[in-house]
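So you can see what is in the structure, the chains are spelled out below.
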Amino acid sequence: QVQLVESGGGLVQAGESLRLSCVASGSIFRINAMGWYRQAPGKQRELVAVITNSGRANYGDSVKGRFTISRDNAKNTVYLQMNSLNAEATAVYYCHANCWGSADAWGQGTQVTVSS
């Protein structure tokens, strides 16, 4: 199994930046892709960004041009750089790993709050 631990959430002002980190451990050889999802109060969980093992990235429409996902394979870590944050970005952010041969993995979530 794969375990994921997120960090980097917090409270920021609108227009500021924040970087989230997610460290994977366990059966990391099973990971096909890693990504970030978010869930705001009263809303469904939505895709923020995903990156494959080869480095190909895709983004949700609402974050394109402002958020950047990257990964450091040597550190088994994926990052989410979030710029120009607005109140709509307030949510719990979850790290996700798409795995072969086992269930997908989720982190425990990290809260991001943007005050306007």
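Residues numbered from 1 in each chain as written. Predicted model: local features only at pLDDT ≥ 70, side-chain atom pairs only at ≥ 80, totals over all residues. Heavy atoms only, no water.

Colleague: Please explain the packing of aromatic side chains as it appears in this structure.
Modeller: Aromatic ring pairs are defined here through the distance separating the ring centres and the angle between the ring planes. Tallied over the entire structure, the rule returns two aromatic pairs. Here Phe29 and Trp100 contribute two aromatic rings whose centre-to-centre distance is 6.1 Å and whose plane-to-plane angle is 70°, an arrangement assigned as edge-to-face. Highlighted residues: Phe29 in the loop between strand E3 (18–26) and strand E4 (31–39) and Trp100 in the loop between strand E9 (91–99) and strand E10 (105–106), separated in sequence by 71 residues. Directly above the aromatic system of Tyr94 lies the positively charged group of Arg45, at a separation of 3.8 Å from the ring centroid. Sitting over the ring of Trp106, Arg45 keeps its end group 4.7 Å from the ring centre. (Phe/Tyr/Trp six-rings, centres within 6.5 Å; stacked < 30°, edge-to-face > 60°. Helix = DSSP H or I, 4+ residues; strand = E, 2+ residues; numbered from the N terminus. Lys NZ or Arg CZ within 6 Å of the ring centre and 35° of its normal.)

Colleague: Hey, could you run me through the state of the cysteines in this one?
Modeller: The bond known as a disulfide is covalent and runs between the sulfur atoms of two cysteines. Going through the model one piece at a time under the given rule, you end up with one disulfide. The disulfide bridge from Cys22 ends at Cys95, spanning 2.1 Å between sulfur atoms. Judged by the sign of its S-S torsion, about -85°, the cystine formed by Cys22 and Cys95 is left-handed. One end of the pair, Cys22, is in strand E3; the other, Cys95, is in strand E9, with 73 residues separating them in the sequence. For Cys22, a relative accessible area of 0% translates into the label buried. Lacking any disulfide linkage, Cys99 is separated from the closest cysteine sulfur, that of Cys95, by 10 Å. (Disulfide = S-S within 2.5 Å. Buried < 20%, exposed > 50% of the residue type's maximum accessible area, 1.4 Å probe, protein only.)

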